[in-house]
Amino acid sequence: MSVNYHDILAATSLRVNGLLGADVDALEAAYIARPLTTAQFNSTIFPFSDFRTAILSAEQKLAQVIALSNDESQRAYLMTQTAALSSGDALPKLDSAEAPIIGPYGAVMDGVDPAIVCTLQPVQVVRRYNAYPTLWPVPVYYFAIVGNRIEHTRTTVVLECPVYDYGAQVTAFDADGDMVLADGLMEALICGGISMLVRDDEFMEQAKIYVTYFNDTLESFKVAKAA
Amino acid sequence: MTYGEFLALTCQIALTGAPQPSLLDMEMTAMSLTPRVFYYTAEKFGLDITKRGLVQQDFTLTVANGVATLDASVLVSCMKYASVADPADSTIANQMRWVDSWNEFIRPLDSDLGYFIVVGSNQFNMTYPGSPYVPGAGFTGNMTLTAVAVPAVPTTEEATIDAPGEFIDQAMLFLAASIKGDSWVKQVEAAA
(Lines give C-alpha, C1' and ligand atoms only; values in the text may rest on other atoms or scores of the structure.)
Protein backbone atom coordinates (compact mmCIF):
# COMPACT_ATOMS: atom_id res chain seq x y z
CA MET A 1 0.00 0.00 0.00
CA SER A 2 1.26 3.45 -0.78
CA VAL A 3 -1.60 5.77 0.12
CA ASN A 4 -0.71 7.53 3.31
CA TYR A 5 -3.21 9.10 5.64
CA HIS A 6 -1.89 12.59 5.02
CA ASP A 7 -2.57 12.24 1.29
CA ILE A 8 -6.20 11.81 2.27
CA LEU A 9 -5.94 14.56 4.85
CA ALA A 10 -4.65 16.99 2.22
CA ALA A 11 -7.41 16.16 -0.25
CA THR A 12 -10.09 16.34 2.41
CA SER A 13 -9.01 19.52 4.11
CA LEU A 14 -8.55 21.33 0.77
CA ARG A 15 -12.26 20.90 0.04
CA VAL A 16 -13.30 22.71 3.21
CA ASN A 17 -10.72 25.43 2.81
CA GLY A 18 -8.69 24.01 5.65
CA LEU A 19 -5.25 24.46 4.14
CA LEU A 20 -3.17 27.60 4.30
CA GLY A 21 -2.37 29.20 0.98
CA ALA A 22 -2.55 32.83 0.16
CA ASP A 23 -1.54 32.08 -3.42
CA VAL A 24 -1.19 29.14 -5.77
CA ASP A 25 2.36 28.29 -4.75
CA ALA A 26 1.65 28.49 -1.02
CA LEU A 27 -1.41 26.33 -1.39
CA GLU A 28 0.54 23.75 -3.39
CA ALA A 29 3.31 23.79 -0.79
CA ALA A 30 0.82 23.15 1.98
CA TYR A 31 -0.92 20.46 -0.06
CA ILE A 32 2.22 18.40 -0.65
CA ALA A 33 3.89 18.94 2.72
CA ARG A 34 4.45 15.69 4.63
CA PRO A 35 3.76 15.19 7.36
CA LEU A 36 1.00 17.73 7.58
CA THR A 37 0.88 19.63 10.80
CA THR A 38 -1.12 22.49 12.21
CA ALA A 39 1.38 24.74 10.42
CA GLN A 40 -0.34 23.96 7.13
CA PHE A 41 -3.86 24.56 8.43
CA ASN A 42 -5.85 27.72 8.90
CA SER A 43 -9.47 26.63 9.38
CA THR A 44 -11.32 28.16 12.29
CA ILE A 45 -14.33 25.94 11.59
CA PHE A 46 -12.63 22.56 11.88
CA PRO A 47 -9.69 22.08 14.23
CA PHE A 48 -6.79 20.07 12.85
CA SER A 49 -7.65 16.98 14.91
CA ASP A 50 -11.22 16.93 13.65
CA PHE A 51 -9.98 16.11 10.16
CA ARG A 52 -8.39 12.99 11.63
CA THR A 53 -11.62 12.09 13.41
CA ALA A 54 -13.63 12.54 10.21
CA ILE A 55 -11.26 10.48 8.05
CA LEU A 56 -10.81 7.69 10.58
CA SER A 57 -14.54 7.56 11.24
CA ALA A 58 -15.12 7.12 7.53
CA GLU A 59 -12.43 4.46 7.40
CA GLN A 60 -13.93 2.70 10.38
CA LYS A 61 -17.37 2.71 8.80
CA LEU A 62 -15.99 1.41 5.52
CA ALA A 63 -13.98 -1.25 7.36
CA GLN A 64 -17.10 -2.37 9.19
CA VAL A 65 -19.07 -2.76 5.97
CA ILE A 66 -16.20 -4.62 4.31
CA ALA A 67 -15.82 -6.87 7.34
CA LEU A 68 -19.50 -7.79 7.08
CA SER A 69 -19.27 -8.39 3.34
CA ASN A 70 -18.19 -11.52 1.54
CA ASP A 71 -15.52 -9.72 -0.46
CA GLU A 72 -12.56 -11.75 0.74
CA SER A 73 -10.03 -9.72 -1.25
CA GLN A 74 -11.02 -6.57 0.66
CA ARG A 75 -11.55 -8.38 3.95
CA ALA A 76 -7.92 -9.54 3.65
CA TYR A 77 -6.78 -5.98 4.46
CA LEU A 78 -8.48 -6.28 7.84
CA MET A 79 -7.60 -9.86 8.67
CA THR A 80 -5.56 -10.91 11.65
CA GLN A 81 -5.86 -13.95 13.89
CA THR A 82 -7.27 -14.71 17.29
CA ALA A 83 -5.17 -16.11 20.08
CA ALA A 84 -5.01 -19.91 20.22
CA LEU A 85 -8.32 -21.37 21.37
CA SER A 86 -8.86 -24.71 23.08
CA SER A 87 -11.96 -26.75 22.36
CA GLY A 88 -14.87 -25.35 24.33
CA ASP A 89 -13.43 -21.85 24.57
CA ALA A 90 -15.60 -18.80 24.04
CA LEU A 91 -15.11 -16.96 20.77
CA PRO A 92 -13.09 -13.83 21.45
CA LYS A 93 -14.04 -10.19 20.92
CA LEU A 94 -10.41 -9.25 20.39
CA ASP A 95 -7.67 -10.65 18.18
CA SER A 96 -4.31 -11.87 19.47
CA ALA A 97 -3.05 -8.27 19.60
CA GLU A 98 -6.22 -7.18 21.41
CA ALA A 99 -7.67 -5.32 18.44
CA PRO A 100 -11.50 -5.37 18.32
CA ILE A 101 -13.00 -7.93 15.95
CA ILE A 102 -15.58 -6.25 13.72
CA GLY A 103 -17.02 -8.99 11.53
CA PRO A 104 -17.54 -12.66 10.94
CA TYR A 105 -14.59 -14.97 11.41
CA GLY A 106 -12.76 -16.34 8.40
CA ALA A 107 -10.96 -19.66 8.24
CA VAL A 108 -10.29 -21.79 11.29
CA MET A 109 -6.72 -23.05 11.30
CA ASP A 110 -4.80 -25.62 13.29
CA GLY A 111 -3.00 -23.84 16.13
CA VAL A 112 0.22 -25.81 15.60
CA ASP A 113 0.26 -25.65 11.81
CA PRO A 114 -1.80 -22.66 10.66
CA ALA A 115 -1.35 -23.79 7.05
CA ILE A 116 -3.96 -26.46 7.73
CA VAL A 117 -7.51 -25.15 7.47
CA CYS A 118 -10.12 -26.96 9.53
CA THR A 119 -13.53 -27.86 8.17
CA LEU A 120 -16.93 -27.26 9.72
CA GLN A 121 -18.70 -30.30 11.10
CA PRO A 122 -21.78 -30.89 13.21
CA VAL A 123 -20.88 -30.49 16.87
CA GLN A 124 -21.90 -34.10 17.48
CA VAL A 125 -19.13 -35.32 15.15
CA VAL A 126 -16.55 -33.15 16.87
CA ARG A 127 -17.70 -34.34 20.28
CA ARG A 128 -17.56 -37.98 19.17
CA TYR A 129 -13.95 -37.49 18.11
CA ASN A 130 -13.00 -35.80 21.34
CA ALA A 131 -14.77 -38.34 23.54
CA TYR A 132 -12.59 -41.20 22.29
CA PRO A 133 -9.48 -39.67 20.71
CA THR A 134 -7.55 -42.94 20.64
CA LEU A 135 -10.09 -44.42 18.24
CA TRP A 136 -8.93 -42.11 15.49
CA PRO A 137 -5.24 -42.65 14.73
CA VAL A 138 -5.30 -40.35 11.73
CA PRO A 139 -5.75 -36.72 12.75
CA VAL A 140 -8.79 -34.87 11.51
CA TYR A 141 -9.19 -31.11 11.41
CA TYR A 142 -12.79 -30.45 12.37
CA PHE A 143 -14.52 -27.67 14.21
CA ALA A 144 -18.03 -26.65 15.18
CA ILE A 145 -19.30 -23.30 16.37
CA VAL A 146 -22.35 -23.32 18.60
CA GLY A 147 -23.52 -19.98 19.92
CA ASN A 148 -20.41 -18.21 21.13
CA ARG A 149 -18.39 -21.41 21.67
CA ILE A 150 -16.05 -23.33 19.43
CA GLU A 151 -15.37 -27.03 19.70
CA HIS A 152 -12.68 -28.66 17.59
CA THR A 153 -10.50 -31.72 17.24
CA ARG A 154 -7.10 -30.05 17.54
CA THR A 155 -5.03 -29.08 20.56
CA THR A 156 -5.72 -25.46 19.69
CA VAL A 157 -7.03 -23.54 16.71
CA VAL A 158 -6.75 -19.94 15.61
CA LEU A 159 -9.42 -18.06 13.69
CA GLU A 160 -8.99 -15.45 11.03
CA CYS A 161 -10.83 -12.33 12.05
CA PRO A 162 -11.34 -8.82 10.63
CA VAL A 163 -10.31 -6.10 13.04
CA TYR A 164 -10.26 -2.35 13.24
CA ASP A 165 -8.37 -0.73 16.07
CA TYR A 166 -9.22 2.96 16.18
CA GLY A 167 -6.48 3.76 18.67
CA ALA A 168 -3.84 2.11 16.52
CA GLN A 169 -5.07 4.01 13.48
CA VAL A 170 -4.89 7.33 15.35
CA THR A 171 -1.23 6.55 15.98
CA ALA A 172 -0.71 5.55 12.35
CA PHE A 173 -2.52 8.67 11.16
CA ASP A 174 -0.38 10.96 13.29
CA ALA A 175 2.74 9.28 11.90
CA ASP A 176 1.39 9.61 8.33
CA GLY A 177 1.22 5.85 8.04
CA ASP A 178 -0.59 3.81 5.40
CA MET A 179 -4.35 3.65 5.29
CA VAL A 180 -5.65 0.26 6.37
CA LEU A 181 -7.76 -0.49 3.32
CA ALA A 182 -6.88 -0.98 -0.33
CA ASP A 183 -5.46 1.95 -2.29
CA GLY A 184 -8.52 1.81 -4.52
CA LEU A 185 -10.63 3.03 -1.61
CA MET A 186 -8.71 6.29 -1.24
CA GLU A 187 -11.47 8.20 -3.02
CA ALA A 188 -14.08 6.67 -0.72
CA LEU A 189 -12.13 7.78 2.33
CA ILE A 190 -11.82 11.30 1.01
CA CYS A 191 -15.54 11.42 0.25
CA GLY A 192 -16.41 9.91 3.60
CA GLY A 193 -14.22 12.39 5.42
CA ILE A 194 -15.68 15.38 3.57
CA SER A 195 -19.22 14.15 4.20
CA MET A 196 -18.59 14.44 7.93
CA LEU A 197 -17.11 17.92 7.79
CA VAL A 198 -20.22 19.92 8.52
CA ARG A 199 -20.60 22.50 11.22
CA ASP A 200 -23.85 24.42 11.66
CA ASP A 201 -24.67 25.22 8.03
CA GLU A 202 -21.07 25.31 6.82
CA PHE A 203 -20.32 23.01 3.85
CA MET A 204 -23.75 21.40 4.18
CA GLU A 205 -24.46 21.20 0.45
CA GLN A 206 -21.01 19.87 -0.33
CA ALA A 207 -21.34 17.20 2.37
CA LYS A 208 -24.65 16.05 0.83
CA ILE A 209 -22.91 15.45 -2.49
CA TYR A 210 -19.92 13.67 -1.01
CA VAL A 211 -21.99 11.46 1.22
CA THR A 212 -23.69 10.03 -1.87
CA TYR A 213 -20.27 9.21 -3.32
CA PHE A 214 -19.30 7.56 -0.04
CA ASN A 215 -22.57 5.69 0.20
CA ASP A 216 -22.08 4.36 -3.33
CA THR A 217 -18.95 2.61 -2.14
CA LEU A 218 -20.58 1.35 1.03
CA GLU A 219 -23.50 0.09 -0.96
CA SER A 220 -21.28 -1.72 -3.47
CA PHE A 221 -20.04 -4.03 -0.72
CA LYS A 222 -23.57 -4.67 0.49
CA VAL A 223 -24.75 -5.43 -3.05
CA ALA A 224 -21.81 -7.77 -3.58
CA LYS A 225 -22.79 -9.67 -0.47
CA ALA A 226 -26.39 -9.97 -1.53
CA ALA A 227 -25.50 -11.19 -5.02
CA MET B 1 1.47 -48.49 2.43
CA THR B 2 0.85 -46.48 5.59
CA TYR B 3 -2.53 -46.28 7.22
CA GLY B 4 -2.69 -42.57 6.36
CA GLU B 5 -2.03 -43.30 2.69
CA PHE B 6 -4.58 -46.11 2.74
CA LEU B 7 -7.26 -43.81 4.13
CA ALA B 8 -6.43 -40.96 1.77
CA LEU B 9 -6.68 -43.21 -1.28
CA THR B 10 -9.84 -44.85 0.00
CA CYS B 11 -11.57 -41.56 0.69
CA GLN B 12 -10.73 -40.32 -2.79
CA ILE B 13 -12.00 -43.56 -4.34
CA ALA B 14 -15.21 -43.17 -2.35
CA LEU B 15 -15.89 -39.87 -4.08
CA THR B 16 -16.22 -41.62 -7.43
CA GLY B 17 -19.81 -41.45 -8.55
CA ALA B 18 -21.08 -40.50 -5.11
CA PRO B 19 -22.98 -37.41 -3.95
CA GLN B 20 -19.78 -35.68 -2.97
CA PRO B 21 -20.78 -32.95 -0.52
CA SER B 22 -22.06 -35.46 1.98
CA LEU B 23 -18.83 -37.43 1.85
CA LEU B 24 -16.07 -34.85 1.71
CA ASP B 25 -15.08 -35.17 5.35
CA MET B 26 -15.24 -38.92 5.63
CA GLU B 27 -12.02 -39.74 7.45
CA MET B 28 -13.73 -40.50 10.75
CA THR B 29 -16.23 -42.70 8.94
CA ALA B 30 -13.41 -44.46 7.14
CA MET B 31 -11.52 -45.07 10.37
CA SER B 32 -14.69 -46.36 11.99
CA LEU B 33 -15.27 -48.85 9.19
CA THR B 34 -11.69 -50.01 8.75
CA PRO B 35 -11.71 -52.78 11.43
CA ARG B 36 -14.96 -54.19 10.03
CA VAL B 37 -13.66 -54.03 6.45
CA PHE B 38 -10.38 -55.73 7.40
CA TYR B 39 -12.37 -58.47 9.12
CA TYR B 40 -14.70 -58.83 6.16
CA THR B 41 -11.89 -58.87 3.61
CA ALA B 42 -9.86 -61.38 5.61
CA GLU B 43 -12.87 -63.67 5.88
CA LYS B 44 -13.55 -63.38 2.15
CA PHE B 45 -9.94 -64.25 1.39
CA GLY B 46 -9.93 -66.99 4.02
CA LEU B 47 -12.90 -68.70 2.43
CA ASP B 48 -11.33 -68.48 -1.03
CA ILE B 49 -8.76 -71.23 -1.55
CA THR B 50 -6.92 -69.13 -4.12
CA LYS B 51 -6.46 -66.25 -1.69
CA ARG B 52 -6.35 -67.97 1.68
CA GLY B 53 -2.59 -68.00 1.81
CA LEU B 54 -2.57 -64.20 1.65
CA VAL B 55 -4.24 -63.91 5.03
CA GLN B 56 -2.77 -66.87 6.87
CA GLN B 57 -0.40 -66.16 9.70
CA ASP B 58 1.63 -68.32 12.09
CA PHE B 59 0.93 -68.13 15.81
CA THR B 60 2.70 -69.79 18.67
CA LEU B 61 0.14 -71.30 21.00
CA THR B 62 1.11 -71.77 24.62
CA VAL B 63 -0.86 -74.91 25.37
CA ALA B 64 -1.52 -76.04 28.93
CA ASN B 65 -3.35 -79.35 29.46
CA GLY B 66 -4.67 -79.23 25.91
CA VAL B 67 -6.00 -75.69 26.13
CA ALA B 68 -4.67 -72.39 24.77
CA THR B 69 -6.00 -68.93 24.10
CA LEU B 70 -6.22 -67.85 20.48
CA ASP B 71 -4.87 -64.52 19.35
CA ALA B 72 -7.74 -62.07 18.90
CA SER B 73 -6.90 -61.63 15.22
CA VAL B 74 -7.53 -65.30 14.36
CA LEU B 75 -10.77 -65.82 12.45
CA VAL B 76 -12.63 -68.64 14.14
CA SER B 77 -14.95 -68.87 11.15
CA CYS B 78 -11.96 -70.02 9.09
CA MET B 79 -10.37 -72.31 11.66
CA LYS B 80 -11.43 -75.37 9.69
CA TYR B 81 -8.70 -74.38 7.22
CA ALA B 82 -6.06 -74.00 9.93
CA SER B 83 -3.17 -76.32 10.57
CA VAL B 84 -1.44 -77.13 13.83
CA ALA B 85 2.16 -78.27 14.13
CA ASP B 86 4.48 -79.22 16.92
CA PRO B 87 7.71 -77.28 16.51
CA ALA B 88 9.44 -80.09 18.37
CA ASP B 89 8.14 -82.83 16.06
CA SER B 90 7.61 -82.11 12.39
CA THR B 91 5.72 -85.36 11.83
CA ILE B 92 2.80 -84.27 13.96
CA ALA B 93 1.40 -81.63 11.61
CA ASN B 94 -0.21 -84.01 9.15
CA GLN B 95 -1.88 -85.92 11.99
CA MET B 96 -3.82 -82.97 13.39
CA ARG B 97 -7.42 -82.53 12.30
CA TRP B 98 -10.06 -79.85 12.84
CA VAL B 99 -13.40 -81.07 14.17
CA ASP B 100 -16.64 -79.16 14.08
CA SER B 101 -18.29 -80.45 17.23
CA TRP B 102 -17.31 -81.07 20.80
CA ASN B 103 -18.68 -84.61 20.71
CA GLU B 104 -16.43 -85.38 17.80
CA PHE B 105 -13.53 -83.85 19.70
CA ILE B 106 -13.92 -85.93 22.84
CA ARG B 107 -14.92 -89.12 21.02
CA PRO B 108 -12.84 -89.08 17.84
CA LEU B 109 -13.27 -91.59 15.08
CA ASP B 110 -9.55 -92.27 14.89
CA SER B 111 -7.71 -92.03 18.20
CA ASP B 112 -4.35 -92.21 16.46
CA LEU B 113 -4.87 -88.68 15.19
CA GLY B 114 -4.80 -85.42 17.08
CA TYR B 115 -7.72 -83.00 16.98
CA PHE B 116 -8.39 -79.36 17.63
CA ILE B 117 -11.49 -77.26 18.09
CA VAL B 118 -12.31 -73.75 19.26
CA VAL B 119 -14.79 -73.24 22.04
CA GLY B 120 -16.37 -69.87 22.50
CA SER B 121 -14.60 -66.97 20.89
CA ASN B 122 -11.00 -67.88 21.59
CA GLN B 123 -10.48 -71.07 23.60
CA PHE B 124 -8.36 -73.46 21.57
CA ASN B 125 -8.61 -77.12 22.60
CA MET B 126 -6.45 -79.91 21.26
CA THR B 127 -5.60 -83.52 21.74
CA TYR B 128 -2.19 -84.78 20.76
CA PRO B 129 -2.03 -87.66 18.20
CA GLY B 130 -2.47 -90.94 19.98
CA SER B 131 -3.60 -89.29 23.21
CA PRO B 132 -7.32 -89.42 23.98
CA TYR B 133 -9.16 -86.47 25.43
CA VAL B 134 -8.93 -86.31 29.23
CA PRO B 135 -10.69 -83.42 30.94
CA GLY B 136 -8.20 -81.11 32.66
CA ALA B 137 -5.22 -82.94 31.27
CA GLY B 138 -3.46 -83.28 27.97
CA PHE B 139 -0.64 -81.77 25.98
CA THR B 140 1.39 -79.00 27.53
CA GLY B 141 3.91 -77.08 25.45
CA ASN B 142 4.08 -74.81 22.42
CA MET B 143 2.28 -75.53 19.16
CA THR B 144 2.39 -73.57 15.94
CA LEU B 145 -0.98 -72.58 14.54
CA THR B 146 -1.26 -71.47 10.93
CA ALA B 147 -4.64 -69.78 10.58
CA VAL B 148 -6.54 -67.11 8.76
CA ALA B 149 -6.15 -63.87 10.70
CA VAL B 150 -7.28 -60.31 10.29
CA PRO B 151 -4.37 -57.95 9.58
CA ALA B 152 -3.93 -55.44 12.36
CA VAL B 153 -5.38 -51.98 11.86
CA PRO B 154 -2.48 -49.59 12.43
CA THR B 155 -2.65 -47.40 15.48
CA THR B 156 -0.87 -44.45 13.93
CA GLU B 157 -1.15 -42.57 10.68
CA GLU B 158 2.46 -43.35 9.77
CA ALA B 159 2.37 -47.08 10.56
CA THR B 160 2.53 -49.47 7.62
CA ILE B 161 -0.35 -51.87 7.04
CA ASP B 162 1.13 -55.31 7.52
CA ALA B 163 -0.77 -57.13 4.78
CA PRO B 164 -0.19 -58.19 1.17
CA GLY B 165 -0.94 -55.71 -1.58
CA GLU B 166 -3.87 -57.75 -2.86
CA PHE B 167 -5.49 -57.60 0.55
CA ILE B 168 -4.95 -53.86 0.80
CA ASP B 169 -6.36 -53.23 -2.66
CA GLN B 170 -9.49 -55.25 -1.97
CA ALA B 171 -9.93 -53.72 1.48
CA MET B 172 -9.66 -50.29 -0.07
CA LEU B 173 -12.46 -51.05 -2.52
CA PHE B 174 -14.65 -52.57 0.18
CA LEU B 175 -14.01 -49.61 2.47
CA ALA B 176 -14.76 -47.04 -0.21
CA ALA B 177 -17.97 -48.91 -1.05
CA SER B 178 -18.90 -49.23 2.62
CA ILE B 179 -18.54 -45.48 3.06
CA LYS B 180 -20.97 -44.93 0.20
CA GLY B 181 -23.54 -47.51 1.25
CA ASP B 182 -24.72 -51.05 0.91
CA SER B 183 -25.58 -50.85 -2.77
CA TRP B 184 -21.99 -49.99 -3.54
CA VAL B 185 -20.72 -52.89 -1.41
CA LYS B 186 -22.85 -55.27 -3.47
CA GLN B 187 -21.31 -53.94 -6.66
CA VAL B 188 -17.79 -54.45 -5.34
CA GLU B 189 -18.67 -57.90 -4.04
CA ALA B 190 -20.01 -58.86 -7.44
CA ALA B 191 -16.83 -57.69 -9.10
CA ALA B 192 -14.46 -59.29 -6.58
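So, here is what we can say about the structure in this document. (Residues numbered from 1 in each chain as written. Chains lettered and ligands numbered in written order. Predicted model: local features only at pLDDT ≥ 70, side-chain atom pairs only at ≥ 80, totals over all residues. Heavy atoms only, no water.)

Re the packing of aromatic side chains
Part 1 of the reasoning: Summed over all chains, the structure comprises 18 aromatic pairs over all chains.
Part 2 of the reasoning: Seen in terms of ring centroids, Phe 41 of chain A and Phe 51 of chain A are 5.3 Å apart; in terms of plane orientation they differ by 50°. Their pairing is tilted. Of the two residues, Phe 41 of chain A sits in the loop between α2 (24-32) and α3 (48-68) while Phe 51 of chain A sits in helix α3, which places them ten residues apart along the sequence.
Part 3 of the reasoning: Judged by its relative accessible area of 12%, Phe 41 of chain A is buried.
Part 4 of the reasoning: Chaining the aromatic ring pairs together yields one cluster made of Phe 41, Phe 46, Phe 48, Phe 51 and Phe 203 of chain A.
Part 5 of the reasoning: For the cation-ring pair, Arg 52 of chain B lies above Tyr 81 of chain B, with the distance from its terminal atom to the ring centre recorded as 3.6 Å. (Phe/Tyr/Trp six-rings, centres within 6.5 Å; stacked < 30°, edge-to-face > 60°. Helix = DSSP H or I, 4+ residues; strand = E, 2+ residues; numbered from the N terminus. Buried < 20%, exposed > 50% of the residue type's maximum accessible area, 1.4 Å probe, protein only. Lys NZ or Arg CZ within 6 Å of the ring centre and 35° of its normal.)

Structural notes on the sheet that holds strand β2 (residues 108-110) of chain A
All names here are of chain A.
Part 1 of the reasoning: Read across the sheet, three strands follow the order β1-β6-β2 without closing on themselves; strand pairing throughout is antiparallel. On the outer flanks of this sheet lie β1 (79-81) and β2, each paired with one strand and no other. Mean inter-strand twist for the sheet, computed between neighbouring axes without regard to direction, equals 30°.
Part 2 of the reasoning: Pairing of β1 with strand β6 (residues 157-162) involves three bridges; the strand directions are antiparallel. Residue Gln 81 lies in a different strand from β6, and its bridge partner there is Glu 160. (Pairing = 2+ DSSP bridges. Axes fitted to C-alpha atoms, helices over the stretch in contact; angles between N-to-C directions.)

Concerning the side chain of Thr 146 of chain B
Part 1 of the reasoning: Within the secondary structure, Thr 146 of chain B sits in strand β7 (residues 141-148).
Part 2 of the reasoning: Side-chain polar atoms of Thr 146 of chain B contact the side chain of Asp 58 of chain B, separated by 2.6 Å. (Polar contact = N/O pair within 3.5 Å; in protein donor to acceptor, adjacent residues only side chain to side chain.)

A closer look at the interface of chain A and chain B
Interface extent is often summarised as the accessible area lost during association of the parts.
Part 1 of the reasoning: Facing twelve residues of chain A, the contacting portion of chain B comprises 13 residues.
Part 2 of the reasoning: Between chain A and chain B the total buried area reaches about 930 Å² when both faces are included, carbon and sulfur atoms providing 72% of it.
Part 3 of the reasoning: On the chain A side of the contact with chain B, Trp 136, Pro 137 and Val 138 of chain A bury the most area, a combined 57% of that side's loss.
Part 4 of the reasoning: Viewed at the interface, chain B and chain A are joined by zero salt bridges.
Part 5 of the reasoning: At the level of elements, β3 (119-120) and α5 (123-131) of chain A are the ones that each hand at least two residues to the side of chain A that touches chain B. (Contact = heavy atoms within 4.5 Å. Buried area = accessible area lost by both parts, 1.4 Å probe. Salt bridge = Lys/Arg side-chain N within 4 Å of Asp/Glu carboxyl O.)

What to know about the environment of Asp 89 of chain B
Part 1 of the reasoning: With respect to the helices and strands, the residue Asp 89 of chain B is situated in the loop between β3 (83-85) and β4 (96-98).
Part 2 of the reasoning: Asp 89 of chain B sits 93 residues away from Asp 182 of chain B along the chain, and the two C-alpha atoms are 48 Å apart.

Let's talk about the pairing of strand β6 (residues 123-127) of chain B
All names here are of chain B.
Part 1 of the reasoning: The buried count for β6 comes to four of five residues, which makes it a mostly enclosed element.
Part 2 of the reasoning: Pairing of strand β5 (residues 114-119) with β6, which is carried by five bridges, proceeds in the antiparallel orientation. By the bridge assignment, Ile 117 is partnered in β6 with Asn 125.
Part 3 of the reasoning: If you look at the hairpin formed by β5 and β6, you'll find three residues sitting between the two strands, and Gly 120 has a positive phi there, around 70°.

Re the environment of Leu 15 of chain B
Part 1 of the reasoning: Structurally, Leu 15 of chain B is set in the loop between α1 (3-14) and α2 (27-46).
Part 2 of the reasoning: Through-space distance from the C-alpha of Leu 15 of chain B to that of Ala 82 of chain B is 38 Å; in sequence the pair is 67 residues apart.

Let's talk about the sheet that holds strand β1 (residues 56-63) of chain B
Working definition: the strands of a sheet are paired by backbone hydrogen bonds and lie parallel or antiparallel to each other.
All names here are of chain B.
Part 1 of the reasoning: Overall, antiparallel pairing links the three strands, which are arranged β1-β7-β3 in an open sheet. Two strands close off the open sheet at either side, each with one partner strand: β1 and β3. Between one strand axis and the next, the sheet turns through 25° on average, direction left out of account.
Part 2 of the reasoning: Across eight bridges, β1 lies against β7 in antiparallel orientation. Across the sheet, Gln 56 pairs through a bridge with Val 148, a residue of β7.

Considering the pattern of salt bridges
All names here are of chain A.
Part 1 of the reasoning: Within this structure, the stated rule accounts for six salt bridges over all chains.
Part 2 of the reasoning: Here Asp 7 ties to Arg 34 by a salt bridge, and the two come within 2.8 Å at their closest N and O atoms. With Asp 7 in helix α1 (residues 5-14) and Arg 34 in the loop between α2 and α3, this pair connects stretches of sequence that are 27 residues apart.
Part 3 of the reasoning: Between Glu 72 and Arg 75 there is a salt bridge; the shortest N-O distance is 3.2 Å. Of this pair, Glu 72 and Arg 75 both sit in helix α4 (residues 72-75), separated by three residues, roughly a single helical turn.

Things to note about empty space enclosed by the protein
Think of a ball as big as a water molecule: rolled over the atoms, this probe shows where empty space is left.
Residues and elements named next belong to chain B.
Part 1 of the reasoning: Per the stated rule, a full pass over the model turns up one cavity of 30 Å³ or more.
Part 2 of the reasoning: Roughly 40 Å³ of volume is contained in the largest cavity.
Part 3 of the reasoning: The wall of the largest cavity is formed by Phe 105, Pro 108, Ser 111, Leu 113, Tyr 115, Thr 127, Ser 131, Pro 132 and Tyr 133.
Part 4 of the reasoning: Residue composition of the lining of the largest cavity, by class: six nonpolar, three polar and no charged. (1 Å grid on protein atoms, 1.4 Å probe; cavity = no way out; pocket = protein on both sides within 12 Å on 5 of 7 lines; lining within 4 Å. Points joined across faces, edges and corners; volume = space filled by probe spheres on them. Nonpolar A, V, L, I, M, F, W, Y, C, P; charged D, E, K, R; others polar.)

A few points about the packing of α1 of chain A against helix α7 (residues 186-196) of chain A
Residues and elements named next belong to chain A.
Part 1 of the reasoning: Taken N-terminus to C-terminus, the directions of α1 and α7 make an angle of 45°; their axes are 9 Å apart at the nearest point. The orientation of α1 with respect to α7, classified from their angle, is oblique. For α1 against α7, the interelement crossing comes out right-handed. Counting all contacts with α1, which are made through Asp 7, Ile 8, Ala 11 and Thr 12, the residues of α7 involved are Met 186, Leu 189, Ile 190, Gly 193 and Ile 194.
Part 2 of the reasoning: Residue classes in the contact of α1 with α7 are distributed as six nonpolar, two polar and one charged. (Parallel < 35°, antiparallel > 145°, perpendicular 65-115°, else oblique. Left-handed = near helix turned anticlockwise from the far one by under 90°.)

Some thoughts on the environment of Asp 183 of chain A
Residue and element names in this part refer to chain A.
Part 1 of the reasoning: Take Asp 183: it is sitting in the loop between α6 (166-174) and α7.
Part 2 of the reasoning: C-alpha separation for the pair Asp 183 and Ser 2, spaced 181 residues apart in sequence, amounts to 7.0 Å.
Part 3 of the reasoning: Here Ser 2 takes part through its side chain, which lies 3.4 Å from a polar atom of the side chain of Asp 183.

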